[in-house]
Amino acid sequence: MTEPQIHLFKDDGIIPNHPTLPLVYYHNAVELNGTNNAAVFERLFYNNNWEGSWRNGVYPFPHYHAAAHEVLGVYSGTGQIRLGGSNGIITKVQPGDVIIIPAGVGHENLGASIDFGVVGAYPPGQIPDVQHGDPKERKWVLDAIDNVPLPISDPVFGATGPLLSHWQ
């Protein structure tokens, strides 16, 4: 089992981030076979009770989800992703990496290879909204973020995965 990097980001005044749940980042968490790497992530996430999967990239502007936690699995290419808003971190992601993003945590693509691809998914019943840090959002997003239910399993390692101990 890959030991994750853990990052708890503070509200930067635009991106609220999550007040108690850290972002969990597994480097090289998934061994990819090279034939249909996206499907590897789709099956893994589905088998670990994360659903609504999609294939694409990461938006090239700062955003967050107030109504859902999100997992991203990199299946091709490389990207430079800012996590946690303007006071967060910038990291290079590559195939096999998995990032579990709590509701409220900002993320944006700062640049990627032409073949960059991720699979995203969400815990059951959670539907991602896209918030941009507009001051008008603040009236409701902080409560919404606090009320997003915790997942019942880690999207990579299942019911006994490290996510659950970091998100108590």
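Above this text sits the structure in question.
Residues numbered from 1 in each chain as written. Predicted model: local features only at pLDDT ≥ 70, side-chain atom pairs only at ≥ 80, totals over all residues. Heavy atoms only, no water.

Asker: Report on the overall build of the protein chain, specifying residues and quantitative values.
Answerer: Looking only at helices and strands, the protein chain has three helices and nine strands in total. When the helices and strands of the protein chain are read in sequence order from the N terminus, they spell out β-β-α-β-β-β-β-β-β-β-α-α. At 15 Å, the protein chain has a C-alpha radius of gyration in line with the 15 Å of a compact globule built from 168 residues. Its C-alpha atoms put the protein chain at 45 × 35 × 25 Å along the principal axes. Counting over 168 residues, the protein chain shows a buried share of 52%. Look at the contacts in the protein chain between residues 6 or more apart in sequence, and 75% of them connect residues 24 or more apart. Carbon and sulfur atoms form 52% of the exposed surface of the protein chain, whose accessible area is close to 7900 Å². Looking at charge distribution, the protein chain has the averaged site of its 8 positive side-chain charges lying 6 Å from that of its 16 negative ones. (Helix = DSSP H or I, 4+ residues; strand = E, 2+ residues; numbered from the N terminus. Rg over C-alpha atoms; globule rule 2.2 N^0.38 Å. Buried < 20%, exposed > 50% of the residue type's maximum accessible area, 1.4 Å probe, protein only. Contact = heavy atoms within 4.5 Å. Areas by Shrake-Rupley, 256 points an atom, 1.4 Å probe, with all protein chains shown as cover. Lys, Arg positive; Asp, Glu negative; His and termini not counted. Charge placed at Lys NZ, Arg CZ, Asp CG, Glu CD.)

Asker: Report on the sheet that holds strand 6 (residues 89-93), specifying residues and quantitative values.
Answerer: Read across the sheet, three strands follow the order 6-5-8 without closing on themselves; strand pairing throughout is antiparallel. Of all the strands in the sheet, just strand 6 and strand 8 (107-112) have a single pairing partner and so form its edges. The mean angle between the axes of side-by-side strands here comes to 25°, regardless of whether they run parallel or antiparallel. Pairing of strand 5 (residues 79-83) with strand 8 involves five bridges; the strand directions are antiparallel. Pairing of Arg82 across the sheet is with Glu108, part of strand 8. (Pairing = 2+ DSSP bridges. Axes fitted to C-alpha atoms, helices over the stretch in contact; angles between N-to-C directions.)

Asker: Got a sec to walk through empty space enclosed by the protein? Specific residues and values, please.
Answerer: All chains considered together, the criterion is met by one cavity of 30 Å³ or more. The space that makes up the largest cavity amounts to roughly 40 Å³. Taken together, Val58, Leu72, Val74, Ile81, Ile99, Phe116 and Val118 make up the full set of residues lining the largest cavity. (1 Å grid on protein atoms, 1.4 Å probe; cavity = no way out; pocket = protein on both sides within 12 Å on 5 of 7 lines; lining within 4 Å. Points joined across faces, edges and corners; volume = space filled by probe spheres on them.)

Asker: Describe the sheet that holds strand 4 (residues 70-76), listing the residues and the values that go with them.
Answerer: Read from one edge of the open sheet, six strands run 1-2-7-4-9-3, paired in antiparallel fashion. Lying at the two open borders of the sheet, with one neighbouring strand each, are strand 1 (5-7) and strand 3 (51-56). In this sheet, adjacent strand axes meet at a mean angle of 20° when their direction is disregarded. Relative to strand 7 (residues 98-101), strand 4 runs antiparallel, the two sharing four bridges.

Asker: Could you give an account of the side chain of Glu137, naming the residues involved and the relevant values?
Answerer: By secondary structure assignment, the location of Glu137 is in the loop between strand 9 (117-122) and helix 2 (138-146). Although Glu137 is buried, it forms no salt bridge, and the closest oppositely charged side chain is Arg138 at an N-O distance of 7.4 Å. In this structure the side chain of Glu137 is engaged in a polar contact, spanning 2.8 Å, whose partner is the side chain of Tyr64. Once you skip the residues sitting within four places of it in the chain, Glu137 turns out to touch Tyr64, Gln131 and His132. (Salt bridge = Lys/Arg side-chain N within 4 Å of Asp/Glu carboxyl O. Polar contact = N/O pair within 3.5 Å; in protein donor to acceptor, adjacent residues only side chain to side chain.)

Asker: Got a sec to walk through helix 1 (residues 37-47)? Specific residues and values, please.
Answerer: Listing the buried residues of helix 1 in full gives Asn37, Ala38, Ala39, Val40, Phe41 and Phe45. In this structure, the buried side of helix 1 is in contact with strand 3, strand 4, strand 7 and strand 9. Looking one or two residues beyond helix 1, the residue adopting positive phi is Asn49, at roughly 65°.

Asker: Before we move on, could you go through the pattern of salt bridges and cite the residues and values that matter?
Answerer: The full count for this structure, using the stated rule, is three salt bridges. With its nearest N and O atoms 2.8 Å apart, the salt bridge here joins Asp11 to Arg138. Here Asp11 is found in the loop between strand 1 and strand 2 (23-26), whereas its partner Arg138 is found in helix 2, with 127 residues between them in sequence. A residue is classified by how much of its surface remains accessible, and Asp11, at 38% relative accessible area, is partly exposed. Between Arg82 and Glu108 there is a salt bridge; the shortest N-O distance is 3.0 Å. Placement of the pair is Arg82 in strand 5 and Glu108 in strand 8, with a sequence separation of 26 residues.

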